[in-house]
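Each chain is listed here by its residues.
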Amino acid sequence: MAAKEEWSISDFEIGKFIGEGKFGKVYLAREKQSGYVVALKVIFKAKLEKYRSHAHLRREIEIQHGLNHPNVLRLFAWFHDETRVFLVLEYAARGELYKLLKSLHHFSEKRAATYVSSLAGALAYCHEKHVIHRDIKPENLLLDIEGRLKIADFGWAVQSNAKRHTMCGTIDYLAPEMVEKKEHDHAVDNWTLGILCYEFLYGVPPFEAEDEYGTFRRIMKVDLKFPSSPAVSVEAKDLICKLLVKDSSKRLSLQKILKHPWIVTHADPSGSCCD
Ligand SMILES: COCCOc1ccc2cc1OCC(=O)N(C)CCCNCc1c[nH]c3ncnc(c13)N2
């Protein structure tokens, strides 16, 4: 999409409603001049005021606008009027990965390895730019028209060279040092990659429990169990065990994930697997 000093809503034709998050609705839209199809997220300023989230959104825009990677949803531009903030985003035509996971119950090893490889590549890029996402979960993962994974919603991302303290993320995906409100760094995303790899292969996150405190306890104990069904390769379990490590300094690095035998054997190099 061409760069422009100042966009406005009159530059776009609004299409179908795509979905709704905490701060706003997402629509399909077309930029009139170029015909370029985008996703337009509309956020009401009143809601930002209610949740005191102006600074949060500003940081998210600064972070996501500065990222340019094939597995990170592009934020092309943003603008506002009296009552709304508009985000002009890359459109992911195949929608939310978690809906695909729910419909398939669990992914094949090829599909799971391809998504884990895409995530590791995207996170390595983000960490090189000192960005920690901190909220990677299936709801924030989208699929484009070729089935390539795109990380969206950097709402909890931070620019960080130093250690962080802020509590964020939903309990199932939190690393131990986050649930203990200890200092944490980019290695929290490596832990979450282990959670996601497990959930892609088994259909449920590894530390699910009756209630949040039960999950909290299981995370703190790293109470990791592998069900007998569905059948999962030893190599996949090996990668998960090397990521779900309580000592964050001992978690497999993103570079080593990309070279892990399970990833090398199963991941589709194009990133758009299985169809
Ligand atoms: C402050 O906001 C920062 C940006 O957050 C988002 C950017 C793009 C998003 C979703 C974002 O936040 C989460 C959210 O609104 N939902 C969970 C509801 C809508 C789900 N979209 C589904 C979807 C399907 N094809 C898409 N192509 C591009 N973007 C999409 C979608 N959604």
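None of the values given here were measured: they were computed from a predicted structure.

**What about the packing of helix α4 (residues 109–128) against helix α6 (residues 187–202)?**
Contact geometry of α4 with α6 gives a least axis separation of 10 Å together with a crossing angle of 165°. Relative to α6, the element α4 is oriented roughly antiparallel. Our pair here, α4 against α6, has a crossing hand that is right-handed. Contact residues: E109, A112, Y115, V116, L119, A120, L123 and H127 in α4; D189, N190, L193, L196, C197, F200 and L201 in α6.

**Quick look at the nonpolar core**
Judged by nonpolar contacts, the single largest core of 55 residues is most densely connected at F200, I257 and W262. When residues in this core are grouped by element, the largest group, 11 residues, is from α4. Of the domains in this structure, domain 1 (11–90) and domain 2 (95–266) are the two that each give at least three residues to this core. Excluding residues that lie within four positions of it along the chain, I257 makes contacts with V116, A120, L193, L239, L243, L252 and I263. Core analysis: the next-biggest nonpolar cluster, separate from the first, contains 14 residues, V26, I61, L87 and L142 among them.

**Concerning the UniProt feature "active site" (unreviewed entry) in the chain**
What UniProt calls "active site" (unreviewed entry) maps, in this numbering, to D135. Turning to its location among the elements, D135 is positioned in the loop between β7 (131–132) and β8 (141–143).

**Quick word on the pairing of strand β2 (residues 24–31)**
Summarising the sheet, strand β1 (residues 12–20) and β2 pair through 6 bridges and their orientation is antiparallel. Residue pairing across strands places E20 opposite K25, the latter belonging to β2. Sheet topology note: the β2/strand β3 (residues 37–44) ladder contains 7 bridges and is antiparallel. From the neighbouring strand, V26 faces β3, where its bridge partner is K41. Hairpin connection of β2 to β3: 5 residues between the antiparallel strands, including G35 at a positive phi of 80°.

What counts, and where the lines are drawn
- Residues numbered from 1 in each chain as written.
- Predicted model: local features only at pLDDT ≥ 70, side-chain atom pairs only at ≥ 80, totals over all residues.
- Heavy atoms only, no water.
- Axes fitted to C-alpha atoms, helices over the stretch in contact; angles between N-to-C directions.
- Helix = DSSP H or I, 4+ residues; strand = E, 2+ residues; numbered from the N terminus.
- Parallel < 35°, antiparallel > 145°, perpendicular 65-115°, else oblique.
- Left-handed = near helix turned anticlockwise from the far one by under 90°.
- Contact = heavy atoms within 4.5 Å.
- Core = buried A, V, L, I, M, F, W, Y, C linked by side-chain atoms within 4.5 Å.
- Buried < 20%, exposed > 50% of the residue type's maximum accessible area, 1.4 Å probe, protein only.
- Domains from an automatic or database assignment.
- UniProt positions renumbered as here; feature names shortened; annotations may be inferred.
- Pairing = 2+ DSSP bridges.

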